Amino acid sequence: MLKKIRPKAPYLCVFALLLVLLSGCAGKGDIEVMSPDEREQQIEEIDVLEPFNRYIFEVNIFLDTFFLKPVSTWYAGIVPSVVRKGVGNFFENLKSPVVLANNLLQGETEAAKITAQRFAINSSAGLLGLFDPADGWGYPSQKTDFGQTAGVWGIPHGPFLMLPLFGPSSLRDASGIAVDAVFDPLSYNIIDPSGVLYIFSGWRVVNGRAQFLGRLEDLYQTSVDPYASVRSLYFQSRMKTKNPSVDLDIDALPDIDEYDFSQ
């Protein structure tokens, strides 16, 4: 029996929107417009749950070290990089409804048009998104989510959060994950509980982790405080996604382009 829409989706959306508003009440300023020194100080101030966040950070490292990384290493060893890239393209194309919805909510009509055109081109000429001909044809990828939509509406990040499995986030962006799930095809039970949906979701995670093999390890090994480095990289990556031309001061940290915490 097919389930077209999760019955609890509207309630989840309302709850997430309430959390977004709460983050607005808890916010103390717009990190995106602060100077690097002011931003770092503000990030430390909004990390009011730092002891708990550090604990979750260590749990995530444990789970990654003993479960996700070994599976991803095995996966990368038997699946060629060109295939992994195609799978990544497929899942990115599948998220087009999420991006399109947020383009519209942000009032970015031109970006919404590009997203719709990308989806149409890559779903057809790109063989269901396995290839990305749209990028070469002048329709670049539009990366955005509801966390950034709330930012466009003037709502600050709120407290920093280290989420189990999901990694670094904020109260605003964590709420956005719940809202985006309403538009994400993989969050709906369009297939009767046979495990197919979960297989695709797990495949997306493993394929994504395989793209970062070695990079996260370098970050952990070269940073005096890996937790603080990840926290800083998270906010800088959010700034870079919002404005690709922003000048980032990351000193000795690895290239921010290698880390994408917005997905």
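This text follows the structure it describes.
Overview of the structure. Remember, it's a predicted structure, so these values are computed and weren't measured experimentally. (Residues numbered from 1 in each chain as written. Predicted model: local features only at pLDDT ≥ 70, side-chain atom pairs only at ≥ 80, totals over all residues. Heavy atoms only, no water.)

**Section: the side chain of D47**
Logical step 1: Considering the arrangement of structural elements, one finds D47 in the loop between α2 (36-46) and α3 (50-78).
Logical step 2: The exposure class assigned to D47 is buried, which follows from its relative accessible area of 4%.
Logical step 3: A polar side-chain atom of D47 sits 2.5 Å from a polar atom in the side chain of Y227.
Logical step 4: Here the side chain of D47 touches R231 through a polar contact of 2.8 Å, side chain to side chain.
Logical step 5: When neighbours within four sequence positions are excluded, D47 is seen to be in contact with N53, F160, Y227 and R231. (Helix = DSSP H or I, 4+ residues; strand = E, 2+ residues; numbered from the N terminus. Buried < 20%, exposed > 50% of the residue type's maximum accessible area, 1.4 Å probe, protein only. Polar contact = N/O pair within 3.5 Å; in protein donor to acceptor, adjacent residues only side chain to side chain. Contact = heavy atoms within 4.5 Å.)

**Brief notes about the environment of P185**
Logical step 1: Turning to its location among the elements, P185 is positioned in the loop between α9 (171-183) and α10 (196-210).
Logical step 2: Assessed through its relative accessible area of 26%, P185 is described here as partly exposed.
Logical step 3: Apart from the residues lying within four places of it in its own chain, the contact partners of P185 are L94, P97 and L197.

**Considering the packing of aromatic side chains**
Logical step 1: Applying the stated criterion across every chain, the model contains 13 aromatic pairs.
Logical step 2: Taking 4.9 Å as the distance between ring centres and 45° as the angle between the ring planes, the aromatic pair formed by F62 and F66 counts as tilted. Remark: F66 and F62 occur in helix α3; sequence separation between them is 4 residues, near one turn of the helix.
Logical step 3: Its relative accessible area of 53% is what places F66 among the exposed residues.
Logical step 4: Ring centres of F90 and F91 lie 5.3 Å apart, and the angle between their planes is 65°; this geometry places the pair in the edge-to-face category.
Logical step 5: Grouped by ring-pair contacts, the aromatic residues F57, F160, Y220, Y227, Y234 and F235 constitute a single cluster. (Phe/Tyr/Trp six-rings, centres within 6.5 Å; stacked < 30°, edge-to-face > 60°.)

**Considering unusual backbone geometry**
Negative phi characterises most residues that are not glycine, and trans characterises most peptide bonds.
Logical step 1: One non-glycine residue, L128, lies in positive phi territory at about 65°.
Logical step 2: The residue L128 is located in the loop between α6 (109-124) and α7 (133-136) in this model.
Logical step 3: Judged by its relative accessible area of 58%, L128 is exposed.
Logical step 4: Even without glycine at this site, L165 takes up a positive phi of about 70°.
Logical step 5: Looking at where L165 falls in the secondary structure, it is placed in the loop between β1 (160-163) and β2 (167-170).

**Looking at the pairing of β1**
Logical step 1: Taking every second residue as pointing to the same face, both faces of β1 are buried, with F160 and M162 on one and L161 and L163 on the other.
Logical step 2: Across 4 bridges, β1 lies against β2 in antiparallel orientation. Pairing of M162 across the sheet is with P168, part of β2. (Pairing = 2+ DSSP bridges.)

**Examining a nonpolar patch on the surface**
Logical step 1: On the surface, a nonpolar cluster with roughly 440 Å² of combined accessible area is contributed by V48, L49, F52 and Y55.
Logical step 2: One can find V48 in the loop between α2 and α3. (Patch = residues over 30% accessible without salt bridge, like charges linked within 9 Å, V, L, I, M, F, W, Y side chains within 5 Å. Areas by Shrake-Rupley, 256 points an atom, 1.4 Å probe, with all protein chains shown as cover. Salt bridge = Lys/Arg side-chain N within 4 Å of Asp/Glu carboxyl O.)

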